[in-house]
Amino acid sequence: MEEGTKLLVDEQAIIEGCLQGSSASNRAMVESYGNLVLSVALNVLGNRQDAEDICQETFLQVFRRLDRYDRERSFKTWLLTIAYRRSLDMLRKKRRFTEFSVKARFEPAVAGQGGNPHPADPEPLPSKLLEALTARERTALCLWAYEGYTAKDISDVLACSASTARVYLFNARRKIKALLENDHGLLQNG
Amino acid sequence: MDFCKTVELAYAVLPLRPFRDWLIRAHMERCPRCQARLLSREEAKSLLVGPDQVDGAEALWRRISGEAGRVAAVPEPAPGRGALVWRWAAAAAMAAVVAVTGFWLLREIGRPGFDPRAVAPAERFQIDYVNVGGAPAQTFVYQPQGTDTVFIWASRTPQKEG
């Protein structure tokens with residue numbers, strides 16, 4: 001049996017098991033996709049703690065709504081769509097909190113400031129690069145680079161047209177390249 | 001190169017996003033110079049965190065295993081018969097209110113009193129006396145030309161000093 005087909009069969013078996021309430025299947029799903037969701041959330045949010053929270057919320061939502069998953073669609077894309085939406089929600093909440101903090105003239109005391117609590121893990125995208133891109137552009141870049149997603153696949157996750165997804169990707173690649181060319185010390189400075 | 005800069009400038013100033021998107025897409029897909037100025041997949045990989053670089057699945061499972069067992073495979077309860085009856089009843093009540101209101105409006109409009117032609121002409125509009133706060137008020141009546149609308153402005157008469 002080919003590797004891709006085997007993976008697909010495994011995926012269907014895991015989904016079926018999760019729908020039956022099997023703890024082993026739930027665990028298998030988290031082990032199969034946990035790192036993928038964590039890496040995407042980390043690249044979008046730029047903060048390990050937030051990314052872990054998003055990961056947790058994403059899988060709990062997946063377990064809760066698995067009966068609504070359309071088998072005609074890619075499971076990975078469905079999962080990443082949930083993770084992306086959750087990440088956007090968190091970014092919005094943090095933005096509102098920061099705006100409120102500025103208005104109330106006190107410093108935010110939560111996430112976003114802490115360093116990497118897992119020293120063995122790599123640091124996310126350097127902050128200057130992270131700030132240069134919108135959440136949609138970061139997501140598009142991440143899915144394209146690591147998952148080999150096409151504009152159509154990315155558009156499914158971002159809930160936009162394929163041509164719009166292509167523009168997000170163009171912009172992300174253009175901006176980062178320009179930043180790298182203009183500032184060689186960017187990566188070292190983070 | 002100048003054309004590329006013009007496109008970038010146009011992209012920055014064009015107000016409508018669909019046009020901007022079309023412009024950048026059409027240009028980027030055809031211009032070899034601009035394509036060379038795009039980040040490669042390998043470069044992107046060296047900047048981003050990949051799934052093979054994080055190790056969080058085990059820890060994640062430890063965090064959610066308890067809750068996962070509780071939430072998994074619990075189908076949302078279908079609305080009961082009682083809820084369904086109430087929904088139909090509310091919809092029927094709403095339809096009845098709309099029908100009665102519509103009927104009443106039609107009837108009122110159909111009455112001669114509601115015929116705009118039957119309304120007294122504005123030149124015959126007359127106010128005998130206007131009081132504001134128990135005292136005679138300054139009153140202005142204004143009718144825009146060519147309309148049957150009459151505006152009445154009444155304000156308290158200023159007290160004379162001394």
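Owing to the predicted nature of the structure, the values given are computational and were not obtained by experimental measurement. (Residues numbered from 1 in each chain as written. Chains lettered and ligands numbered in written order. Predicted model: local features only at pLDDT ≥ 70, side-chain atom pairs only at ≥ 80, totals over all residues.)

**Q** A description of the overall build of chain B should follow, citing residues and the corresponding values.
**A** When its secondary structure is counted, chain B shows 6 helices and 3 strands. Along its sequence from the N terminus, chain B presents helices and strands in the succession α-α-α-α-α-α-β-β-β. Per-residue burial for chain B yields a buried fraction of 9% across its 162 residues. Considering only contacts in chain B between residues 6 or more positions apart, those separated by 24 or more positions represent 23%. (Helix = DSSP H or I, 4+ residues; strand = E, 2+ residues; numbered from the N terminus. Buried ≥ 20, exposed ≤ 12 C-beta atoms within 10 Å, placed from the backbone. Contact = placed C-beta atoms within 7 Å.)

**Q** Any details on the overall build of chain A? Residues and values, ideally.
**A** Each helix and strand in chain A was counted, giving 9 helices and 0 strands. Listed N to C, the secondary structure of chain A is α-α-α-α-α-α-α-α-α in terms of helices and strands. In chain A, buried positions account for 38% of the 190 residues. Look at the contacts in chain A between residues 6 or more apart in sequence, and 62% of them connect residues 24 or more apart.

**Q** Could you give an account of the interface of chain A and chain B, with specific residues and numbers?
**A** The partner chain B presents 31 residues to the 42 residues of chain A that form the contact. Per element, the largest residue contribution to the side of chain A that touches chain B is 12 residues, and it comes from helix α2 (residues 23-45) of chain A. In terms of residue class, the side of chain A that touches chain B is built from 21 nonpolar, 11 polar and 10 charged. (Nonpolar A, V, L, I, M, F, W, Y, C, P; charged D, E, K, R; others polar.)

**Q** Give me the lowdown on the environment of Asp153 of chain A, citing residues and values where you can.
**A** Assignment of secondary structure puts Asp153 of chain A in helix α7 (residues 151-158). If we skip the residues at most four places from it in the chain, Asp153 of chain A touches Thr77 and Leu143 of chain A.

**Q** Before we move on, can you summarise the sheet that holds strand β2 (residues 135-142) of chain B with the specific residues and values?
**A** Residues and elements named next belong to chain B. The antiparallel open sheet is built from 3 strands, whose spatial order is β1-β2-β3. Each having just a single partner strand, β1 (131-132) and β3 (151-156) make up the two edges of the open sheet. Relative to β3, β2 is paired through 6 bridges, and the arrangement is antiparallel. When the bridges of β3 are listed, Val141 appears paired with Ile152. (Pairing = 2+ DSSP bridges.)

**Q** A description of the packing of α2 of chain A against helix α5 (residues 57-71) of chain B should follow, citing residues and the corresponding values.
**A** Put simply, α2 of chain A and α5 of chain B touch, their axes get as near as 10 Å, and they point 145° apart. Between α2 of chain A and α5 of chain B lies a crossing of right-handed hand. For the pair α2 of chain A and α5 of chain B, contact is made by Ser23, Asn26, Arg27, Val30, Glu31, Gly34 and Asn35 of chain A and by Ala57, Leu60, Trp61, Ala68 and Gly69 of chain B, respectively. A breakdown of the residues in the contact of α2 of chain A with α5 of chain B according to their chemical character gives 5 nonpolar, 5 polar and 2 charged. (Axes fitted to C-alpha atoms, helices over the stretch in contact; angles between N-to-C directions. Left-handed = near helix turned anticlockwise from the far one by under 90°.)

**Q** Outline α2 of chain A, listing residues and values.
**A** All names here are of chain A. Bending of α2 peaks at approximately 50° at the position of Tyr33. Summarising burial for α2: 18 of the 23 residues are buried, a large majority. The first or second residue beyond α2 is Gly46, which carries a positive phi of 75°. (Bend = angle between axes of the 7 residues up to and from the residue.)

**Q** Explain the confidence of the model for chain B residue by residue, including any values.
**A** In low-pLDDT regions, the fine details of the predicted coordinates are not to be read closely. Residues and elements named next belong to chain B. Taken as a whole, chain B shows an average pLDDT of 78; of its residues, 81% reach a score of 70 or greater. When mean pLDDT is compared element by element in chain B, helix α4 (residues 41-47) scores highest at 90, while helix α1 (residues 2-13) scores lowest at 75. Here the prediction assigns the complex a pTM of 0.63, and the interface score ipTM is 0.75. (pLDDT = per-residue confidence, 0-100.)

**Q** How would you sum up the pairing of β2 of chain B? Please name residues and give values.
**A** Among the 8 residues of β2 of chain B, 0 are classified as buried, and the element is accordingly described as predominantly exposed. Between β1 of chain B and β2 of chain B, which pair antiparallel and follow one another directly, the connecting turn spans 2 residues, one of which, Gly133 of chain B, has a positive phi of 60°.

**Q** Which residues make up the packing of α7 of chain A against helix α8 (residues 162-182) of chain A, and what values go with them?
**A** All names here are of chain A. Contact pair α7 / α8: the axes reach a minimum separation of 8 Å and the direction vectors enclose 100°. Classified by the angle their axes make, α7 and α8 are roughly perpendicular. Residue-level inspection shows Ala151, Lys152, Ile154, Ser155 and Leu158 of α7 in contact with α8, the latter providing Ala162, Thr164, Ala165, Arg166 and Leu169. Here the contact of α7 with α8 is built from residues that sort into 6 nonpolar, 2 polar and 2 charged. (Parallel < 35°, antiparallel > 145°, perpendicular 65-115°, else oblique.)

**Q** Would you mind going over the confidence of the model for chain A in detail, with residue names and values included?
**A** With 75% of its residues at a pLDDT of 70 or more, chain A has an overall mean of 81. Segment residues 107-117 of chain A is flagged for pLDDT under 50; beyond a separation of four residues in sequence, or across chains, it makes 15 contacts in the model.

**Q** Tell me what's going on with unusual backbone geometry, and back it up with residues and numbers.
**A** All names here are of chain A. If you check the backbone angles, Ala159 has positive phi at about 55° while not being a glycine. Within the secondary structure layout, Ala159 lies in the loop between α7 and α8. Classification of Ala159 by C-beta neighbours within 10 Å gives exposed; the count is 12.

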